[in-house]
Amino acid sequence: MIVKERLMDMFARMRKFSAQGEGPGVYRLAFTDADWQARGYLTGLMREIGLSVREDAFGNVVGRWEGTEPSLPAVMFGSHADSVPNGGNYDGVLGILAAIETVRSLKEDGFCPEHPLEVALFMCEESSRFGAATLGSRAMLGELSPDDAKRLTDRGGVALYDALKDRGLSPDALGKPLYEGDVKAFFEVHIEQGKVLEHEKKSVGIVTGIAAPTRFRVKLTGSADHSGATPMPLRHDAACAAAEIVLDAERLATAEQEPPAVATVGVLQIAPGVMNVIPGGAELGVDIRSIDGATKKRVADKLKDAVSEICARRGITFEIVPISDERPVAIRPAVLDFLEKICREDGGSYMRLPSGAGHDAMHWAERVPTGMLFIPCRDGVSHNPEEYAAPEDIVNAVRLLEKAVRAASRKNVTFA
Ligand SMILES: [Zn+2]
């Protein structure tokens, strides 16, 4: 049985693993002392519940329960335990504690899995320290090289490569997949980090896909003329063009309904930035996301067309500089149906929804049947000391994870 007090006690302990004297939130940046201590605590818990624990060259930890047929592919579930600076106590933590409590509960019930079960603790999921996210998962799957580890540095100039060495890990072993073996399915429980579940009054969300951003800069060059002496028809105002582009980004993303898209102009600078000069230059940073690659591309293409039209009309020159174009992942219908059946039979409220944020699960989703469950977090707040999830929602999601793992560990359950 999933025990609420036991779960809450683990959350309380995790909160204490935080750099001292920083602030009210959790400071557990990847590979710092606080992160390493939390990893030690979680590894100890895995041993305590009878898992055989192994770590890879990147420091990722896998606790394994052999099951009755060790040669079968494993059912894996887990998450990360590092945090952003001044973060909360639920992002990532929920997923790894849910995994540990699931195994503890199954063992207490005398359950015997047929497929092996594996609890995974992924290192360095947050981009806060080294500027790139989900590095542990990428390392596990062979998508991170020793050169990447040398190139990625923190604010203090410490390379990921050296941070790994300092922890006695082996960055030179990166490049080939660190995880050897077959995975039947991967599951991750996470807080939503958004407001949809709370708004819809649902206690759990079944993630339909994980969005990935397309980002580009738009540089506009107009004419920086006197704001008093230049009549309106003779202006080439870069800020006015930028304003139109911002609203077009909003309009184009809003028009995509099924699947939805989001577009944000989070960076907007105008030059020279004085009140008596018409803005001659503007620069916008555009971020477009969807769980569907074609939808995302359509919004990006239409926005680029809009930029061209707006600039032509206003006599402004422009340049579009690509920053990134990552691939979103869709969750397989068989996994969605599998999780939905569990939620429906359980009787609680649930809905399907996309994930706007990236997660460790997205790397597994491209390779193996992967499912994610979200729970509401208060006011959608995350990456913040105010991050909060209700104990009843936590317990509910862990119960659902246990049911999913229980079912997936049977040979006769497939995700074909
Ligand atoms: Zn997370």
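Now for a look at the structure at hand. Throughout this description, residue numbers start from 1 for each chain and increase along the sequence as written. Thresholds applied to this predicted model are a pLDDT of at least 70 for local features of residues and 80 or more for the giving and counting of side-chain atom pairs; totals over whole chains, interfaces and linings are not thresholded and use all residues.

### Some thoughts on helix H8 (residues 238-255)
Secondary structure follows DSSP: runs of H or I at least 4 residues long count as helices, runs of E at least 2 residues long count as strands, and numbering of each begins at the N terminus. An expected span of 1.5 Å times one less than the residue number is assigned to each helix. Look at H8: 26 Å from first C-alpha to last across 18 residues, which is about the 26 Å you get at 1.5 Å a residue. Three classes are used. A residue is buried when 20 or more other C-beta atoms lie within 10 Å of its own, exposed when 12 or fewer do, and partly exposed in between, with C-beta atoms placed from the backbone. Within H8, burial applies to Ala238, Ala241, Ala242, Ile245, Ala249, Leu252 and Ala253. Considered in projection along H8, the buried side chains sweep an arc of 100° and stay on one side of the axis. Projecting away from the buried face of H8 at angles above 90 degrees are the exposed residues Leu247 and Ala255. Contact between residues is assigned whenever the C-beta positions, reconstructed from backbone atoms, fall within 7 Å. Buried-residue contacts for H8 involve strand S7 (212-221), strand S8 (261-271), strand S9 (281-290) and helix H9 (293-314). Picture the helix axis, draw a direction to every C-beta atom, and the arc is the one those directions span.

### Comments concerning the packing of helix H3 (residues 93-108) against helix H12 (residues 391-408)
Packing of H3 against H12 brings their axes to within 9 Å, and their N-to-C directions diverge by 60°. Taken together, the axes of H3 and H12 are oblique relative to one another. Crossing of H3 over H12 shows right-handed handedness. Side by side, H3 and H12 meet where Leu94, Ala98, Glu101, Thr102, Ser105 and Leu106 of the first sit next to Ile394, Ala397, Val398, Leu401, Glu402, Val405 and Arg406 of the second. Residue composition of the contact of H3 with H12, grouped by class: 8 nonpolar, 2 polar and 3 charged. Each axis is a line fitted through C-alpha atoms, taken for helices only over the stretch in contact, and angles between the N-to-C directions span 0 to 180 degrees. In this scheme, roughly parallel covers angles under 35 degrees and roughly antiparallel covers those over 145, while 65 to 115 is roughly perpendicular and the rest are oblique. In this scheme the crossing of two helices becomes right-handed for a clockwise turn of the near helix relative to the far one and left-handed for an anticlockwise turn of less than a right angle. Residues are grouped as follows: nonpolar covers Ala, Val, Leu, Ile, Met, Phe, Trp, Tyr, Cys and Pro; charged covers Asp, Glu, Lys and Arg; every other residue, Gly included, is treated as polar.

### Quick word on the sheet that holds S8
Across the sheet, which stays open at both edges, the 4 strands sit in the order S8-S9-S7-S10 with antiparallel pairing between neighbours. The sheet is open, and its two edges are formed by S8 and strand S10 (317-325), each paired on a single side. Neighbour-to-neighbour, the strand axes of this sheet turn through a mean angle of 15°, independent of strand direction. Two strands make a pair as long as DSSP finds a minimum of two bridges between them. Here 8 bridges tie S7 to S10, and the two strands are oriented antiparallel to one another. In the sheet register, Thr221 faces S10, and the bridge partner there is Thr317. Docked against the sheet, H8 engages S7, S8 and S9, running at close to 170° with respect to S8. Docked against the sheet, H9 engages S7, S8, S9 and S10, running at close to 160° with respect to S9.

### Quick notes on H12
Between its first and last C-alpha atoms H12 spans 25 Å; for 18 residues at 1.5 Å apiece the expected length is 26 Å, and the two agree. Listing the buried residues of H12 in full gives Asp393, Ile394, Asn396, Ala397, Val398, Arg399, Leu400, Leu401, Glu402, Ala404, Val405 and Ala408.

### Quick word on unusual backbone geometry
Cis peptide bonds are those with omega within 30 degrees of zero, and the linkage from Glu258 to Pro259 qualifies with 0°. With respect to the secondary-structure elements, Pro259 resides in the loop between H8 and S8. In this structure, the amide linkage connecting Ala271 to the following residue, Pro272, adopts the cis form with an omega of 5°. Along the chain, the position of Pro272 falls in the loop between S8 and S9.

### Topic: the pairing of S9
Here S7 pairs with S9 via 10 bridges, running antiparallel. Its bridge partner lying in S9, Pro213 is registered against Arg289. As defined by bridge partners, S8 adjoins S9 across 10 bridges and the pair is classed as antiparallel. Note that in S9 the partner of Ala263 across the bridge is Ile288.

### Details of the packing of helix H1 (residues 4-15) against H3
Interaxial distance between H1 and H3 falls to 10 Å at its minimum, and their mutual angle equals 140°. As the angle between them shows, H1 and H3 are arranged oblique. In this structure, H1 meets H3 at a crossing whose hand is right-handed. Contacts from Arg6, Leu7, Met10, Phe11 and Met14 of H1 reach H3 at Val93, Leu97 and Glu101. Residues belonging to the contact of H1 with H3 are distributed by class as follows: 6 nonpolar, no polar and 2 charged.

### Observations concerning the pairing of strand S2 (residues 61-65)
Summarising burial for S2: 4 of the 5 residues are buried, a large majority. Where strand S1 (residues 52-55) meets S2, 4 bridges bridge the pair, whose relative direction is antiparallel. The residue of S2 that forms the bridge with Val53 is Gly63. In this structure, the hairpin formed by S1 and S2 is closed by a connection of 5 residues, where Gly59 is found at a positive phi of approximately 95°.

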